[in-house]
Amino acid sequence: MPAKATAARSGFGRLAVLGLQHVLVMYTGCVTVPLVFGAAAGLDAATIGVLINADLLVAGVVTMIQGAGVGRILGVRMPVMAGAAFTAVTPMILIAGEYGIQAVYGSMLAAGVFGLLVAYPFAKAVRFFPPLVSGVVITVVGLALIGVGVNLVVGNDPKAADHAAPSRLALAAFVVVVILLVARFGRGFLAQTGVLLGLLAGTAVAVPFGLVDLSAVRTADWFGVSAPFHFGAPQFPAVAVLSMCVVMLVLFAESTADLIAVAELTGKKLTTADMARGLAADGLSGVLGGVMNAFLDTVFAQNVGLVTMTKVRSRHVATVAGGLLVVLGLIPKLGALVAGLPQPVVGAAGLVMFATVATVGINTLRKVDFDGTHNLLIVAVSIGVGMAPEVAPDLYSRFPEGVGIVLGSPVTSATLLAFGLNLAFNGVGTGRPGTARGPERVEPVEAAVHGVR
């Protein structure tokens, strides 16, 4: 065999191994979104399996675009991984409850088009999402999702015989213990897969008790692509579209932080045009997700941590990893297998991830100057009002139809409040830390801590 061919093959083999590492680190976070949304929306295991496959497929396509780029239109051409964002989960659940699944994907499709249109303007105006705003939003994202994780642990039906059963709580506790043990004693790459290992261990323990539903696996195909618009023609309620467009702006702020971090690691000079192309890929995920029954994507921060650990800064690694995600997304049996995971196991893993998100938000707020400013009041009002619907779900029940989608979503309402109050109290160009002219780099929602997204 020629030397060049041997070198090429060994080079690709190394890329494949490194790409697989990235997939393993982000896989749990990626599939948790369809698992949590599907359970909250009352979908059966077979349908959730469809969502999982679509989720992986779109994440793979967007990741490949981020790594390889599409001319001067899409992709930042850096080693970044894209995956389903937690930020969109609560608004999607609310939209599904108010208008149905077709409206979820219609509003996602519209938000994707919006993201493509505003990617460049946002790249130039990222200063309007300083730590004061992003910290509030990240904190609320995590806090709002904790309840979703707990409901999966105890069960969504209070009348069910096993609701809040000690066996469910014990299984969830076991998963959390495994995650903690991996975090405490794991090293390097192993430590970043704690949540994945917790899911696997919890599922293994649940099998003998008949808690793993594999009925959908038997009927699922080995190879296939989920049909576009699986739930029917998309619908576009104005309030739902507005809510998802706000979510898209939040995702842009998240991805901006991670793109800046990767640029620093790789020594790439990140221009406004580069940033815009990277954000446009997030927008494309909305278009693809709306058509293919997937989810909005953002850049995964734990993979930024993996780049730091491995010192491998080739964008081709991300391109190969994206290809692996696409392959996984084309195996319906795998999606059905993941969809059959016990809810207490998924809920426990989600609980850890969601609480970590909230903690990252709190850490981001540490960068804000609270002395001699109104910033403490801005944070208090934004979080207080944003989280109110979580403790009083009928808070806006007497308002006109659809208002609850915006005001009832902690993510949307907290974002609008924090953004507006920051401008009202701090204006633009004050130079105070945490205000509109504060540090432009914001902490990402996705925490690079032991594989927790």
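The shown structure was predicted, so the numbers you read here are calculated from the model rather than taken from an experiment.

(A) Up close: the overall build of the protein chain. Tallying secondary structure elements over the protein chain gives 17 helices and two strands in all. Among the 453 residues that make up the protein chain, the fraction classed as buried is 56%. Split by element, the accessible area of the protein chain, about 17700 Å² in all, is 67% carbon and sulfur.

(B) Here's a closer look at a nonpolar patch on the surface. Nonpolar side chains collect at one region of the surface, where Phe 174, Val 205, Phe 209 and Leu 211 lie side by side and expose about 370 Å² of accessible area between them. Inspection of the secondary structure puts Val 205 in helix H7 (residues 194–206). Accessibility expressed as a relative area gives 35% for Val 205, which makes it partly exposed.

(C) Up close: the packing of aromatic side chains. In the structure shown here, the tally under the stated rule is seven aromatic pairs. Seen in terms of ring centroids, Phe 129 and Phe 419 are 5.7 Å apart; in terms of plane orientation they differ by 35°. Their pairing is tilted. Separated by 290 residues along the polypeptide, Phe 129 in the loop between helix H4 (101–124) and helix H5 (131–154) and Phe 419 in helix H17 (residues 410–426) bring together distant segments of the chain. Ring-pair connections join several aromatic residues into one group, and the members of that group are Phe 122, Phe 129, Phe 252 and Phe 419. Here Lys 333 stacks its cationic end above the ring of Trp 222, 5.4 Å away from the centre of that ring.

(D) Highlighting the packing of helix H3 (residues 89–99) against H4. Where H3 meets H4, the closest approach of the two axes is 7 Å, and the angle between their N-to-C directions is 130°. Taken as axis vectors, H3 and H4 run oblique relative to one another. The handedness of the crossing between H3 and H4 comes out as right-handed. Contacts between H3 and H4 involve Met 92, Ile 95, Ala 96 and Tyr 99 from the former and Ile 101, Ala 103, Val 104, Ser 107 and Met 108 from the latter. The residue makeup of the contact of H3 with H4, split by class, is eight nonpolar, one polar and no charged.

(E) Inspection of empty space enclosed by the protein at higher detail. Taken as a whole, this structure holds two cavities of 30 Å³ or more when the rule is applied. Taken together, Gln 102, Tyr 105, Phe 229, His 230, Phe 231, Gly 232, Pro 234, Gly 290 and Asn 293 make up the lining of the second largest cavity.

(F) Seen up close, the pattern of salt bridges. On inspection of all chains with the given rule, the structure shows two salt bridges. The salt bridge partner of Asp 274 is Lys 268, with a shortest N-O separation of 4.0 Å. Note on Lys 268: relative accessible area 29%, which makes it partly exposed. One salt bridge in this structure joins Arg 277 and Asp 274, with 2.3 Å as the shortest N-O distance. Remark: Asp 274 and Arg 277 occur in helix H10 (residues 272–292); sequence separation between them is three residues, near one turn of the helix. Each member of the pair, Arg 277 as well as Asp 274, is classed as buried.

(G) Here's a closer look at the side chain of Asp 274. Judged by its relative accessible area of 7%, Asp 274 falls in the buried class. If sequence neighbours within four positions are ignored, Asp 274 has contacts with Val 76, Lys 268 and Lys 269.

(H) The arrangement of the confidence of the model for the protein chain in detail. Of all residues in the protein chain, 89% attain a pLDDT of 70 or more, and the chain-wide mean is 83. Mean pLDDT across the elements of the protein chain bottoms out in helix H11 (residues 301–310) (66) and peaks in H4 (95). In the model, residues 1–10 has pLDDT below 50 throughout and makes two contacts with residues more than four positions away in sequence or in other chains.

(I) Structural detail: helix H15 (residues 375–391). Between the first and last C-alpha of H15 there are 24 Å, a value that for 17 residues agrees with the 24 Å anticipated at 1.5 Å per step. What H15 keeps buried is the set Asn 375, Ile 378, Val 379, Ser 382, Ile 383, Gly 386, Met 387 and Pro 389. Residues of H15 that are buried in the fold lie against H5, helix H14 (343–365), helix H16 (403–407) and H17.

(J) Region of interest: helix H6 (residues 166–185). Its 20 residues place the ends of H6 28 Å apart at the C-alpha level, agreeing with the 28 Å of an ideal helix rising 1.5 Å per residue. Buried residues of H6: Arg 168, Leu 171, Ala 172, Val 175, Val 178, Ile 179 and Val 182, and no others. All buried residues of H6 lie within an arc of 115° about the axis, which places them on one face of the element. Away from the buried face of H6 by more than 90 degrees, exposed residues Pro 166, Leu 180, Arg 184 and Phe 185 are located. Buried residues along H6 sit in contact with H5, H7 and H14.

(K) Focus on the environment of Ala 418. Assignment of secondary structure puts Ala 418 in helix H17. Along the backbone, Ala 418 and Val 379 are 39 residues apart, and their C-alpha atoms lie at a distance of 7.0 Å. Every residue in contact with Ala 418, bar those within four places of it in the chain, is listed here: Val 133, Val 136, Ile 378 and Ser 382.

(L) Examining the side chain of Ser 226 more closely. Structurally, Ser 226 is set in the loop between helix H8 (215–219) and helix H9 (238–266). The class for Ser 226 is buried, based on a relative accessible area of 15%. Those residues in contact with Ser 226 that sit more than four places away from it in its chain are Val 50, Ala 54, Met 292 and Asn 293.

(M) Structural detail: the environment of Ile 48. Residue position: Ile 48 is located in helix H2 (residues 45–68). For Ile 48, the contacting residues outside a window of four places in its chain are Pro 34, Leu 35, Gly 38, Ala 39, Leu 43 and Ala 339.

Criteria and thresholds
- Residues numbered from 1 in each chain as written.
- Predicted model: local features only at pLDDT ≥ 70, side-chain atom pairs only at ≥ 80, totals over all residues.
- Heavy atoms only, no water.
- Helix = DSSP H or I, 4+ residues; strand = E, 2+ residues; numbered from the N terminus.
- Buried < 20%, exposed > 50% of the residue type's maximum accessible area, 1.4 Å probe, protein only.
- Areas by Shrake-Rupley, 256 points an atom, 1.4 Å probe, with all protein chains shown as cover.
- Patch = residues over 30% accessible without salt bridge, like charges linked within 9 Å, V, L, I, M, F, W, Y side chains within 5 Å.
- Salt bridge = Lys/Arg side-chain N within 4 Å of Asp/Glu carboxyl O.
- Phe/Tyr/Trp six-rings, centres within 6.5 Å; stacked < 30°, edge-to-face > 60°.
- Lys NZ or Arg CZ within 6 Å of the ring centre and 35° of its normal.
- Axes fitted to C-alpha atoms, helices over the stretch in contact; angles between N-to-C directions.
- Parallel < 35°, antiparallel > 145°, perpendicular 65-115°, else oblique.
- Left-handed = near helix turned anticlockwise from the far one by under 90°.
- Contact = heavy atoms within 4.5 Å.
- Nonpolar A, V, L, I, M, F, W, Y, C, P; charged D, E, K, R; others polar.
- 1 Å grid on protein atoms, 1.4 Å probe; cavity = no way out; pocket = protein on both sides within 12 Å on 5 of 7 lines; lining within 4 Å.
- Points joined across faces, edges and corners; volume = space filled by probe spheres on them.
- pLDDT = per-residue confidence, 0-100.
- Expected span 1.5 Å × (residues − 1).
- Arc of directions from axis to C-beta.

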